Amino acid sequence: MGAIDIVCNLFTEREIREGRTGIDQHFLEQVRFPAELRNGVSIEDYLRKMDRAGVEHSLLIAVRAGDMRMKGSFEIPYEYVHEICRKYPTRFSGLAGVDPFRGMQGLRHLEIAVRDYGFVGAHLYPHWFEMAPDHARYYPYYAKCCELDVPIMMQVGHNLIYQRDRRLPSVGRPIALDPVAIDFPDLKLLGIHIGVPWTDEMISMAWKHENVYIGVDAYAPKYWPESLVHYINTYGSHKVLFGTDWPVIDPERAMREIDELDFRPESKRNMLRDNALRVFRLPGLKIAV
């Protein structure tokens, strides 16, 4: 039984051609993304990459990034993700992007994604909306996630410059999850991208709240802060979930570098697979024994 990647983006030729990635060449250079892959990676080629890495299942994000009335905002239609999940049900599950500016329409879309498309959670990029995770505009979506009994993940920490002509503020301090976790104790909240430069603050939120978890994606494991590695290996082994944020981190690199860290077998298994199965409802997948 392989790993589960909880943060994976579509990066095929179609998304690039249609301007649905939200990143420019400057960003790809900053994260040292291979030049030969910058025109896109097909789902079939990405599945082969998953196989080589030992990743059994990935959660694909139907991203909603910013108010679509503003230049530079973009989205991945829910239907794009649903199409892939339907074709490869044992390899992919969907996550529904949240856009708080869509009001009731957005709430209906989220319900359709979960109930009709089988999506297993919601996804939010606070910086694209320039509102911290505890902003009142998100609260109807948190309530809907509770009603649908699905987790929601969101980027915490700073954000980079994804597009040179639209620079976004870093609004995702992990401490902003504090009131949300209190107001929605039944909602599973995941702070993804490890919270840099406030990783210790993210750890404190996961330690304080039983319904708060950490996604270790978007940063190569060899650069994870020492405090995070310690947390994964000890008292936080049940609270951390593996992810890549592909195309930011290649799954083959991620798994290779995780193997080089000195994780206890149980802590490693929890992070790579079992914690994801406890947080998300993933049909047909079982906790390792």
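The structure under discussion appears in the preceding block.
Undergrad: Please provide a residue-by-residue account of the state of the cysteines, values included.
TA: Applying the stated rule across the entire model yields zero disulfides. Free cysteine Cys8: the closest other cysteine sulfur is in Cys85, separated by 10 Å. The exposure class assigned to Cys8 is buried, which follows from its relative accessible area of 1%. Classification of Cys85 as buried rests on a relative accessible area of 10%.

Undergrad: Kindly report on the packing of helix H9 (residues 199-208) against helix H10 (residues 226-233), identifying the contributing residues and their values.
TA: Interaxial distance between H9 and H10 falls to 9 Å at its minimum, and their mutual angle equals 25°. Classified by the interaxial angle, the pair formed by H9 and H10 is roughly parallel. Both H9 and H10 take part in a crossing whose hand is left-handed. Across from Thr199, Asp200, Ile203, Ala206 and Trp207 in H9, the residues of H10 making contact are Ser227, Leu228 and Tyr231. Here the residues of the contact of H9 with H10 sort into five nonpolar, two polar and one charged.

Undergrad: Please set out the pattern of salt bridges residue by residue, giving values where relevant.
TA: Taken as a whole, this structure holds 26 salt bridges when the rule is applied. Two residues, Arg115 and Glu147, come together in a salt bridge whose shortest N-O distance is 3.9 Å. Of this pair, Arg115 sits in helix H5 (residues 103-115) while Glu147 sits in helix H7 (residues 139-148); the two residues are 32 residues apart in sequence, bridging distant segments of the chain. Glu147 matches Arg115 in its accessibility class, with the two residues each being exposed. Two residues, Glu257 and Arg253, come together in a salt bridge whose shortest N-O distance is 2.7 Å. Residue Glu257 and its partner Arg253 are located together in helix H11 (residues 251-260), separated by four residues, close to a single helical turn. The exposure class assigned to Glu257 is buried, which follows from its relative accessible area of 7%. Judged by its relative accessible area of 29%, Arg253 falls in the partly exposed class. The structure contains a network of salt bridges with shared partners spanning Glu13, Arg17, Glu18 and Arg20.

What counts, and where the lines are drawn
- Residues numbered from 1 in each chain as written.
- Predicted model: local features only at pLDDT ≥ 70, side-chain atom pairs only at ≥ 80, totals over all residues.
- Heavy atoms only, no water.
- Disulfide = S-S within 2.5 Å.
- Buried < 20%, exposed > 50% of the residue type's maximum accessible area, 1.4 Å probe, protein only.
- Axes fitted to C-alpha atoms, helices over the stretch in contact; angles between N-to-C directions.
- Helix = DSSP H or I, 4+ residues; strand = E, 2+ residues; numbered from the N terminus.
- Parallel < 35°, antiparallel > 145°, perpendicular 65-115°, else oblique.
- Left-handed = near helix turned anticlockwise from the far one by under 90°.
- Contact = heavy atoms within 4.5 Å.
- Nonpolar A, V, L, I, M, F, W, Y, C, P; charged D, E, K, R; others polar.
- Salt bridge = Lys/Arg side-chain N within 4 Å of Asp/Glu carboxyl O.

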